Amino acid sequence: MLPNISILIPCYNAERWIQQAIASALKQTYPNKEVVVIDDGSTDASLEIIKGFGDRIRWETQSNQGGNATRNRLLELSTGEWLQYLDADDYLLTDKLDQQIEILAEHPQTDIIYSPSLLEYHQEGKVWKEILPIPEPHDPWILLARWSLPQTGSPLWRKQAVIDVGGWKRDQPCCQEHELYLRLLMSNQRFRYCEHVGSVYRQWSNLTVCNKNKPETYRHRLDITNRLEQYLKLSGQLTSVRQLAIHQARFECARMIWLFDRDWANLLITQIHQTTPQFLPTGRAASSSYQVCYRLFGFMAAETIANTRRMLQRASINSSISS
């Protein structure tokens, strides 16, 4: 017997996208499903579009409560054993549920099934797509530390697992799925990777909370990182590989924070070296020349040199354009 899956769509002022989101849910080839939509006090035509689907979906409307409160209300309304959350400006490929639910045949104790997403990026009238890969190792603790666990629409969530950790944190303004991932991991819920790409994550606006207030976003991200590290320490699960992933994540945050708060960035680097004095950054965020500067002169000097190079490159480009 195939488990029933509830596809849950919170909607707020998404008249441009909500039609496609609901249609993609209804077009899932997986048979045992329901589609539940909540209009979260939209002031545009979203509610009329939702009503247009008639009895093919269940829906309700409410005064504006925010994303996580609406997701929790959808959780209350759902009847499925499994949950597919879908933001109103995203959509699903037709076999998404079929591909992921197959995991349960071999791994029936799984609680969260996660997969790469397809990023659909909109800018200045142009649209392009790219897969957001989930790198190995598929250790969910490392993936969360490195911010590589996928966005809300990618996973299938066992309903009882979400209930057991108290649902979505109502007052979490950003990093919402990451905060939920952390509580799920801390309560020993079982994560399983599925390679199939089935969710489309659309980026079309710079007005999201994460984009509007970057300092606030980094504060919440680093709070989750600190909680993750502390839990692993206290539970005896902080391996050297996981610690290195946490350090690398803090370093990458520090590089971005340096652009608007150099003291805060330097504190993060100090935090890393207090635990691992020999830490040296790697990966795309630290070129070989950057690593040399970092090792010889330290973080602040490496950033100053990197920033000077960026300014010279911009000046060269502007000069070429003006000539």
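All values derive from a computational prediction rather than experimental measurement.

1. Observations concerning the overall build of the protein chain
The helix and strand inventory of the protein chain stands at 14 helices and 11 strands. A compact globule built from 323 residues would reach a C-alpha radius of gyration of about 20 Å, and the protein chain, at 22 Å, matches this within 12%. A total of 323 residues make up the protein chain; the buried ones form 50% of that total. Summarising the internal contacts of the protein chain: among those between residues at least 6 apart in sequence, 72% fall at separations of at least 24. A total of about 16000 Å² of accessible surface is found on the protein chain, and carbon and sulfur atoms cover 51% of it.

2. A closer look at the sheet that holds strand 7 (residues 117-123)
As summarised here, the arrangement of the 4 strands in space is 5-11-7-8, forming an open sheet in which the pairing is mixed. The open sheet is flanked by strand 5 (91-92) and strand 8 (126-132), the only strands paired with a single partner. Where strand 5 lies against strand 11 (residues 199-203), 2 bridges are found, and the strand directions are antiparallel. Within the sheet, the bridge partner assigned to Tyr91 lies in strand 11 and is Val200.

3. A closer look at the pattern of salt bridges
Within the structure shown, the criterion is met by 17 salt bridges. The salt bridge partner of Arg183 is Glu179, with a shortest N-O separation of 2.8 Å. Placement of both Arg183 and Glu179 in helix 8 (residues 176-186) is noted, with a separation of 4 residues, approximately one turn of the helix. Summarising the burial analysis for this pair, Arg183 and Glu179 share the class buried. Across the pair Glu179 and Arg227 runs a salt bridge, and its minimum N-O distance is 3.5 Å. Here Arg227 lies in helix 10 (residues 214-234) and Glu179 lies in helix 8, a separation of 48 residues in the sequence. For Glu179, a relative accessible area of 2% corresponds to the buried category.

4. Things to note about a nonpolar patch on the surface
A cluster of nonpolar side chains, Val292, Leu296, Phe297 and Ile305, forms an exposed patch at the surface whose accessible area comes to about 370 Å². Considering every element that reaches the nonpolar patch, the biggest residue donor is helix 13 (residues 288-297), with 3 residues. Here Phe297 shows up in helix 13. Take Phe297: its relative accessible area is 57%, and that puts it in the exposed class.

5. Quick look at the environment of Gln99
Relative to the assigned elements, Gln99 resides in helix 4 (residues 96-101). C-alpha separation for the pair Gln99 and Gly198, spaced 99 residues apart in sequence, amounts to 8.1 Å.

6. Digging into helix 3 (residues 67-77)
Most of helix 3 is tucked away, with 8 of its 11 residues classed as buried. Restricting attention to buried positions, one finds in helix 3 the residues Asn68, Ala69, Thr70, Arg71, Asn72, Leu74, Leu75 and Leu77.

7. Considering the packing of aromatic side chains
In total, this model carries 16 aromatic pairs according to the counting rule given. One aromatic cluster is present, built from ring pairs that chain together Tyr85, Tyr114, Trp157, Trp168, Tyr181, Phe191 and Tyr193. The lysine or arginine in question, Arg71, covers the ring of Trp168, its NZ or CZ lying 4.8 Å from the ring centre. We note Arg262 situated over the ring of Trp258; from NZ or CZ to the ring centre the distance is 3.8 Å.

8. Quick notes on the nonpolar core
Ranked by size, the top nonpolar core spans 34 residues in total, and within it Trp157, Leu184, Phe191 and Leu228 carry the most contacts. For this core, the secondary structure elements donating two or more residues are strand 2 (33-40), helix 3, strand 4 (82-85), strand 6 (112-114), helix 6 (140-145), helix 7 (159-164), helix 8 and helix 10. At 5 residues, helix 8 tops the list of elements feeding residues into this core. Excluding anything up to four places from it in sequence, Phe191 contacts Ile112, Tyr114, Pro140, Leu149, Tyr181, Leu184 and Leu185.

9. Section: the environment of Asp44
Tracing the backbone shows Asp44 in the loop between strand 2 and helix 2 (46-51). You can call Asp44 partly exposed: its relative accessible area is 25%. Along the sequence, Asp44 and Ser148 sit 104 residues apart, while their C-alpha atoms lie 34 Å from each other. Once residues within four sequence positions are removed from consideration, Asp44 is found in contact with Asn13, Ala14 and Glu15. At 3.2 Å, the side chain of Asp44 and the backbone nitrogen of Glu15 are in polar contact.

Scoring rules and cut-offs
- Residues numbered from 1 in each chain as written.
- Predicted model: local features only at pLDDT ≥ 70, side-chain atom pairs only at ≥ 80, totals over all residues.
- Heavy atoms only, no water.
- Helix = DSSP H or I, 4+ residues; strand = E, 2+ residues; numbered from the N terminus.
- Rg over C-alpha atoms; globule rule 2.2 N^0.38 Å.
- Buried < 20%, exposed > 50% of the residue type's maximum accessible area, 1.4 Å probe, protein only.
- Contact = heavy atoms within 4.5 Å.
- Areas by Shrake-Rupley, 256 points an atom, 1.4 Å probe, with all protein chains shown as cover.
- Pairing = 2+ DSSP bridges.
- Salt bridge = Lys/Arg side-chain N within 4 Å of Asp/Glu carboxyl O.
- Patch = residues over 30% accessible without salt bridge, like charges linked within 9 Å, V, L, I, M, F, W, Y side chains within 5 Å.
- Phe/Tyr/Trp six-rings, centres within 6.5 Å; stacked < 30°, edge-to-face > 60°.
- Lys NZ or Arg CZ within 6 Å of the ring centre and 35° of its normal.
- Core = buried A, V, L, I, M, F, W, Y, C linked by side-chain atoms within 4.5 Å.
- Polar contact = N/O pair within 3.5 Å; in protein donor to acceptor, adjacent residues only side chain to side chain.

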